[in-house]
Amino acid sequence: MTARVVMKLRVEAARLATPGVLHLTLVHASRPELPAWEPGAHVDLRLPDGRIRQYSLCGDPQDRRTYQIAIKREDAGRGASRWAHDALVEGAVAHVSAPRNNFPIREAARHVFVLGGIGVTPGLPMARSLAAEGADVAVHFCARSAADAPLLAELSAACGDRLSTWFSAEGRRFDPRAIGPYSEGACLYVCGPQRLLDAVRDAADALGWPETSIRAEAFQATLDENFKPEPFEAKLASTGATLHVPADRSLLEVLRDHGVTMPSSCELGVCGSCVCGYRDGVVIHRDAVISVADRQDRIAPCVSRARVSVTLDL
Amino acid sequence: MVEAFAHAAGSIARHVPGGAVGFKGVLLHIHVAPAASFEMEELAEAQCVAGRGIVGDRYYEGSGTYSPKPDTREVTLIEQEALDALARNDPPLQAGPIALAPGDHRRNLTVRGVPLNHLVGRRFRVGDVILRGGRLNFPCKYLEELLGLPVYLPLYNRSGLNCGIERGGVIRPGDAIELLDDDGA
Ligand code: FES
């Protein structure tokens, strides 16, 4: 997993795309050009307290001067989106990493997108570039209503009659069977809330879509909801220092508190940035990135923990 | 952090006479990064603090990338000559020339006319500030990943010098760089 440079970007424009979605245009504070990216890529936004949130780039990759992201306000969340909505006004500075793409466009004979709400963000540049190439594309965009559908105008301009909209409050609830039967070489991209992902997977399965033809954008690792974190001790092999990791803090946070700054990105156990070695200890692996074979000596400290104690190769 | 002349490299070199004397170099650029992997920012002047680093830099703040070995890196320097060589693909260790934008090399001071590889275990001045050469910098894979450029091999043996600050003060681009009479060796 590659490290990426963190840039100081300035908010050039901030507008509400819908009542709950903030659409930001970001430019570099001193350079005329930003690092290039491909449709589907995301950037990491760094919060003042060190937390990191990932947002898909929803602008045009040809435009090297600006990045565009859209942030949905989640009042029930842990405060990251609320901070962004309040702090990222025009002229504000945002610390943003160079882009990375976990969700690239695949080689396919036909591309079907199902985008739910804010899930439109990676889908828009992907669909736009495919449509511009004249590829076979169909896009389904689901939201409560047209007024709640972020970037609807942009998506509709990019896709024309390849776009079908599904607005539940207007009497058109999305029917996942609209994706149609699988055809040879087709690829299905699904971005949106977990409910939508599950519904589309079930329908796809029934319609003969093989598992390998489906790409779902999920930054959320499949964490076990019943997991009860317990405190443990982490020892640093180099210095012998022993750090106490309380039940309500991650190993990564505790390392950071003690000046051990490690690369990190998703902090959800999906990107692999923070992975390091360990010895001596029973580790409770909760990431979705380290292979089973590597689990005997690799740990993702952002989500994984240990029983009683572990010695880290740090 | 270990004191530059206490570092394994610096402490040995300190007692071996060297031949690179009489050079007169110049400070071209000053860069700092507020934290590991943050882009470097150029400064028109910088406050160097003895025993700490450059105010506003990751090493001064103690927030640089963690290295388990005792190290000396209050200030890091790189030769403009090495960057020029990369830009003309000399030696041709990679597909083509590598143009590093200012500060992308992630060293604090870019200098010209200073034989950094000869300054391990030596004292020298940058303007009014006195630096101690602690160890040669070594290119790291981290930098390569961060930049997405194959800089590891071409920077080998000319990746610059990690120094301690003996006497602090303010430095600015244009400041002269000279070897000092060694009083403590
Ligand atoms: S930060 Fe992404 S796996 Fe730990």
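Being a predicted model, the structure only gives us computed values, none of them experimental.

### What about the overall build of chain B?
Step number 1: Each helix and strand in chain B was counted, giving five helices and eleven strands.
Step number 2: Expected size for 185 residues packed as a compact globule is a radius of gyration near 16 Å; at 15 Å, chain B falls within 12% of this value.
Step number 3: The dimensions of chain B, computed from C-alpha atoms along their principal axes, are 45 × 35 × 35 Å.
Step number 4: A buried classification covers 51% of the 185 residues belonging to chain B.
Step number 5: Split by element, the accessible area of chain B, about 8,000 Å² in all, is 55% carbon and sulfur.

### Some remarks on helix 2 (residues 120-132) of chain A
Residues lying three or four places apart along an α-helix face the same way, a consequence of the helix completing one turn every 3.6 residues.
Residues and elements named next belong to chain A.
Step number 1: With 13 residues, helix 2 extends 18 Å from end C-alpha to end C-alpha; this agrees with the ideal 18 Å at 1.5 Å per step.
Step number 2: Most of helix 2 sits out of view: ten of its 13 residues are buried.
Step number 3: Within the sequence span of helix 2, burial applies to Val120, Thr121, Pro122, Gly123, Leu124, Pro125, Met126, Ala127, Leu130 and Ala131.
Step number 4: Of the residues flanking the end of helix 2, it is Gly134, one or two places downstream, whose phi is positive at about 80°.

### Thoughts on the side chain of Asn162(B)
All names here are of chain B.
Step number 1: Among the structural elements, Asn162 can be located in strand 9 (residues 161-167).
Step number 2: A residue is classified by how much of its surface remains accessible, and Asn162, at 0% relative accessible area, is buried.
Step number 3: Here Thr72 takes part through its backbone oxygen, which lies 3.3 Å from a polar atom of the side chain of Asn162.
Step number 4: The contacts of Asn162, once residues within four sequence positions are left out, are Asp71, Thr72, Arg73, Val75, Thr76, Arg132, Gly133, Gly134, Arg135 and Asn137.

### A few points about the sheet that holds strand 9 (residues 163-167) of chain A
Residues and elements named next belong to chain A.
Step number 1: Read from one edge to the other, the open sheet built from five strands follows the order 9-8-7-10-11, with strand pairing classed as parallel. The sheet is open, and its two borders are formed by strand 9 and strand 11 (214-217), each paired with just one other strand. Recorded for the sheet is a direction-independent mean angle of 15° between the axes of neighbouring strands.
Step number 2: Sheet topology places strand 8 (residues 137-143) next to strand 9; five bridges connect them, and they run parallel.

### What to know about the sheet that holds strand 16 (residues 305-312) of chain A
All names here are of chain A.
Step number 1: Ordered in space as 13-12-16-14-15, the five strands form an open sheet in which the pairing is mixed. Of all strands in the sheet, those bounded by a partner on one side alone are strand 13 (242-245) and strand 15 (298-299).
Step number 2: With two bridges joining them, strand 14 (residues 276-284) and strand 15 adopt antiparallel strand pairing. Following the sheet pairing, Cys276 is matched in strand 15 by Ile299.

### Topic: empty space enclosed by the protein
Step number 1: For the coordinates displayed, the defined rule picks out one cavity of 30 Å³ or more.
Step number 2: Space inside the largest cavity adds up to approximately 40 Å³.
Step number 3: Looking at the largest cavity, the residues that line it are Val5(A), Arg31(A), Glu39(B), Met40(B), Pro102(B), Gly103(B), Asp104(B), Arg106(B) and Leu147(B).
Step number 4: Broken down by class, the residue content of the lining of the largest cavity amounts to four nonpolar, one polar and four charged.

### Describing the packing of aromatic side chains
Step number 1: The tally for this structure, following the rule as stated, stands at seven aromatic pairs over all chains.
Step number 2: Where Tyr182(A) meets Trp209(A), the ring centres are 5.4 Å apart and the plane angle is 65°; that geometry is what we call edge-to-face. Of the two residues, Tyr182(A) is situated in the loop between strand 9 and strand 10 (186-191) and Trp209(A) in the loop between helix 4 (194-206) and strand 11; the sequence distance between them amounts to 27 residues.
Step number 3: Using a relative accessible area of 26% as the deciding quantity, one classes Tyr182(A) as partly exposed.
Step number 4: Plain terms: the ring middles of Phe138(B) and Tyr152(B) are 6.4 Å apart, the flat faces sit at 80° to each other, and that makes the pair edge-to-face. Taken as a pair, Phe138(B) in the loop between strand 8 (129-136) and helix 4 (141-147) and Tyr152(B) in helix 5 (residues 152-155) lie far apart in primary sequence, 14 residues in all.
Step number 5: Given a relative accessible area of 46%, Phe138(B) falls into the partly exposed group.
Step number 6: Within the aromatic cluster, the residues linked to one another by ring pairs are Phe103(A), Phe113(A) and Tyr189(A).
Step number 7: Directly above the aromatic system of Trp166(A) lies the positively charged group of Arg172(A), at a separation of 4.2 Å from the ring centroid.

### A few points about unusual backbone geometry
Step number 1: Residue Pro91(B) is bonded to the preceding Asp90(B) through a cis peptide linkage, with omega at 0°.
Step number 2: Along the chain, Pro91(B) falls in the loop between helix 3 (80-87) and strand 6 (109-112).
Step number 3: One non-glycine residue, Val308(A), lies in positive phi territory at about 65°.

### A few points about the environment of Pro181(A)
Residue and element names in this part refer to chain A.
Step number 1: Looking at the secondary structure, you find Pro181 in the loop between strand 9 and strand 10.
Step number 2: Each C-alpha atom of the pair Pro181 and Thr212 lies 15 Å from the other, and the pair is 31 residues apart in sequence.
Step number 3: When sequence neighbours within four positions are dropped, the list of residues in contact with Pro181 reads Leu207 and Trp209.

### As for the confidence of the model for chain A
Residue and element names in this part refer to chain A.
Step number 1: On average, residues of chain A score 89 in pLDDT, and 95% of them reach the 70 mark or higher.
Step number 2: Of all the helices and strands in chain A, strand 11 carries the lowest mean pLDDT, 84, while strand 9 carries the highest, 97.
Step number 3: Scored below 50 in pLDDT, residues 219-225 makes twelve contacts in the model with residues more than four places away or belonging to other chains.

About the criteria used
- Residues numbered from 1 in each chain as written.
- Chains lettered and ligands numbered in written order.
- Predicted model: local features only at pLDDT ≥ 70, side-chain atom pairs only at ≥ 80, totals over all residues.
- Heavy atoms only, no water.
- Helix = DSSP H or I, 4+ residues; strand = E, 2+ residues; numbered from the N terminus.
- Rg over C-alpha atoms; globule rule 2.2 N^0.38 Å.
- Buried < 20%, exposed > 50% of the residue type's maximum accessible area, 1.4 Å probe, protein only.
- Areas by Shrake-Rupley, 256 points an atom, 1.4 Å probe, with all protein chains shown as cover.
- Expected span 1.5 Å × (residues − 1).
- Polar contact = N/O pair within 3.5 Å; in protein donor to acceptor, adjacent residues only side chain to side chain.
- Contact = heavy atoms within 4.5 Å.
- Pairing = 2+ DSSP bridges.
- Axes fitted to C-alpha atoms, helices over the stretch in contact; angles between N-to-C directions.
- 1 Å grid on protein atoms, 1.4 Å probe; cavity = no way out; pocket = protein on both sides within 12 Å on 5 of 7 lines; lining within 4 Å.
- Points joined across faces, edges and corners; volume = space filled by probe spheres on them.
- Nonpolar A, V, L, I, M, F, W, Y, C, P; charged D, E, K, R; others polar.
- Phe/Tyr/Trp six-rings, centres within 6.5 Å; stacked < 30°, edge-to-face > 60°.
- Lys NZ or Arg CZ within 6 Å of the ring centre and 35° of its normal.
- pLDDT = per-residue confidence, 0-100.

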